[in-house]
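# What the coordinates show
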Amino acid sequence: MRTTITEIALKSGVSAATVDRVLNGRSGVRERTREIVLTVARELGYFGPAHIAPTRRVRLDFVLPAGTNSFMRNLRGQLIDEAARHEDVQLRIHDVEDWSAGRIERRLAELHDQTDAVGVVAPDRPEIREELNALAREGVRIATLVSDVPAVDKIGYVGVDNRAAGRLAGLLLGRFLGPGKGGNIALFVGSRAYRGHEEREMGFRSILADEFADLRITAYAEVGDDREQAHEEMRRILQAGQVDGVYNIGSGNQGIARALREAHQAQQVVFIGHDLTDATRLLLLDRTMDAVIDQNHRVQAREAVRLLTAAVRGTIEREYPPRLQVVFRENIPAS
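These remarks concern the structure in this document. (Residues numbered from 1 in each chain as written. Predicted model: local features only at pLDDT ≥ 70, side-chain atom pairs only at ≥ 80, totals over all residues. Heavy atoms only, no water.)

What follows concerns the pairing of strand S3 (residues 117-120). Here S3 shows two buried faces, one formed by Ala117 and Gly119 and the other by Val118 and Val120. Looking at chain direction, strand S1 (residues 58-65) and S3 are connected through 4 bridges and run parallel. When the bridges of S3 are listed, leucine 60 appears paired with alanine 117. As defined by bridge partners, S3 adjoins strand S4 (residues 141-145) across 4 bridges and the pair is classed as parallel. Along S4, the bridge assignment pairs valine 120 with threonine 144. Regarding topology, helix H6 (residues 126-137) serves as the crossover connection from S3 to the parallel S4, and that connection is right-handed. (Buried < 20%, exposed > 50% of the residue type's maximum accessible area, 1.4 Å probe, protein only. Helix = DSSP H or I, 4+ residues; strand = E, 2+ residues; numbered from the N terminus. Pairing = 2+ DSSP bridges. Right-handed = clockwise from strand over helix to strand, strands pointing away.)

Because the α-helix completes a turn every 3.6 residues, residues three or four places apart line up on one side. Within the span of helix H1 (residues 5-12), buried status applies to Ile8, Ala9 and Ser12. Mapping the buried residues of H1 onto a view down its axis gives an arc of 100°, with all of them on the same face. With respect to the buried face of H1, the exposed residues turned more than 90 degrees away are Leu10 and Lys11. Looking at the packing, one finds that the buried side of H1 touches helix H2 (16-23) and helix H3 (31-43). Just past H1, the residue glycine 13 takes up positive phi, approximately 75°. (Arc of directions from axis to C-beta. Contact = heavy atoms within 4.5 Å.)

Take helix H9 (residues 227-240) next. In this model H9 runs 20 Å from its N-terminal to its C-terminal C-alpha over 14 residues, within 8% of the 20 Å that 1.5 Å per residue would give. All of the buried residues in H9 are Ala230, His231, Met234, Ile237 and Leu238. Mapping the buried residues of H9 onto a view down its axis gives an arc of 135°, with all of them on the same face. Along H9, the residues that are exposed and aim more than 90 degrees away from the buried face are Gln239 and Ala240. Turning to H9, the residues buried within the fold contact strand S6 (183-189), strand S7 (215-222), strand S8 (245-248) and helix H10 (253-262). The opening residue of H9 is aspartate 226, an N-cap whose side-chain oxygen sits 3.1 Å from the backbone nitrogen of glutamate 228. (Expected span 1.5 Å × (residues − 1). Polar contact = N/O pair within 3.5 Å; in protein donor to acceptor, adjacent residues only side chain to side chain.)

Core analysis: the largest hydrophobic core is formed by 24 residues, its most contacted members being Phe188, Met234, Val243, Val246, Ile256 and Leu260. Breaking this core down by element, the ones donating at least two residues are S6, S7, H9, H10 and helix H11 (278-285). If near-sequence neighbours (up to four positions away) are discounted, valine 243 is found in contact with Asn184, Ala186, Met234, Ile237, Leu238 and Val269. Judged by nonpolar contacts, the second largest core, of 23 residues, contains Leu64, Ala143, Leu307 and Leu308. (Core = buried A, V, L, I, M, F, W, Y, C linked by side-chain atoms within 4.5 Å.)

Close contact between helix H7 (residues 162-177) and helix H8 (residues 195-211) brings their axes to 6 Å; oriented N to C, the two are set at 40°. When the axes of H7 and H8 are compared, the pair comes out oblique. As for how H7 packs across H8, the hand of that crossing is right-handed. Contacts between H7 and H8 involve Asn162, Arg163, Ala165, Gly166, Arg167, Ala169, Gly170, Leu171 and Leu173 from the former and Gly196, Glu199, Arg200, Met202, Gly203, Phe204, Ser206, Ile207, Leu208, Asp210 and Glu211 from the latter. Broken down by class, the residue content of the contact of H7 with H8 amounts to 8 nonpolar, 6 polar and 6 charged. (Axes fitted to C-alpha atoms, helices over the stretch in contact; angles between N-to-C directions. Parallel < 35°, antiparallel > 145°, perpendicular 65-115°, else oblique. Left-handed = near helix turned anticlockwise from the far one by under 90°. Nonpolar A, V, L, I, M, F, W, Y, C, P; charged D, E, K, R; others polar.)

Two orientations exist for strands paired in a sheet by backbone hydrogen bonds: parallel and antiparallel. In space, the 6 strands of this open sheet follow the order S7-S6-S8-S9-S10-S11, with mixed pairing throughout. Across the chains shown, the open sheet's two edge strands, defined by having one partner strand only, are S7 and strand S11 (325-327). Direction aside, neighbouring strands of the sheet carry axes that sit 20° apart on average. Sheet topology note: the S6/S8 ladder contains 4 bridges and is parallel. Counted as the bridge partner of alanine 186 is valine 246 from S8. Across the sheet, H9 lies against S6, S7 and S8, angled at about 160° from S6, the strand it touches most.

In structure tokens, the structure reads:
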């Protein structure tokens, strides 16, 4: 069984609240006390059997969805770049097609006795949770990225508040369209199996109900983060009636944009999406997209590698989670 905070507190001679502050990197504790608590925690095995000698390289494995998703492609590249900056890290990336076929849990099962830490972007499914917890019971450090998977014994979630991201999208769409004018909204979802997409949809619907009740979601499409499917759905929606605004929760922005251009609606429809990539950068520049809510793949890669490596080494690092940033045509950052 894992060492408890109470056990660490008793041996350290401090309160459980102090131990909790130390283990979670919070302020208000003297440096000497912090050192004592961390030393005791290591001695009692709080950080688990994955604590390894600094002379051995840390084996990091990341399980990511394969496909045409530009954000995932960028995240993959940033993970490789970040790991290259750490001489003590050995990185492997596993691209998994079609999560619904059981491939994610099978790939996770193959990592038993082969890794020290796993970062994963995965749907919140019982079979995936079970496999992640099985790895954690063996001492493997687990972190979720981009979309959280609760009920997993992990060191943390590296990503933005997706419900806040959805509310932000609704606020932008409502302000762009103007108060009291009404409008028909097309809502695109990658996959509701991803908790992050589900949370964005919840946030979006929440703020429309609270502040923009005159905006109506008249079309809904789940496109599996596939740009061709997104293109076909956008064409179908445009043929069915008027669209004033589009919110795309996941990937597929290029497909939606192509359908808007083909219908000569690119400058008439307000289009909000996620993640600054080469493609969305161009869509902002030509005014097809009005705003992009970015979650900064560079920061996510940096934090995932840093936190997982530290957890394996038995140390605690302060968290610097990625922040939401709204990018318009006029404030596109340098690539």
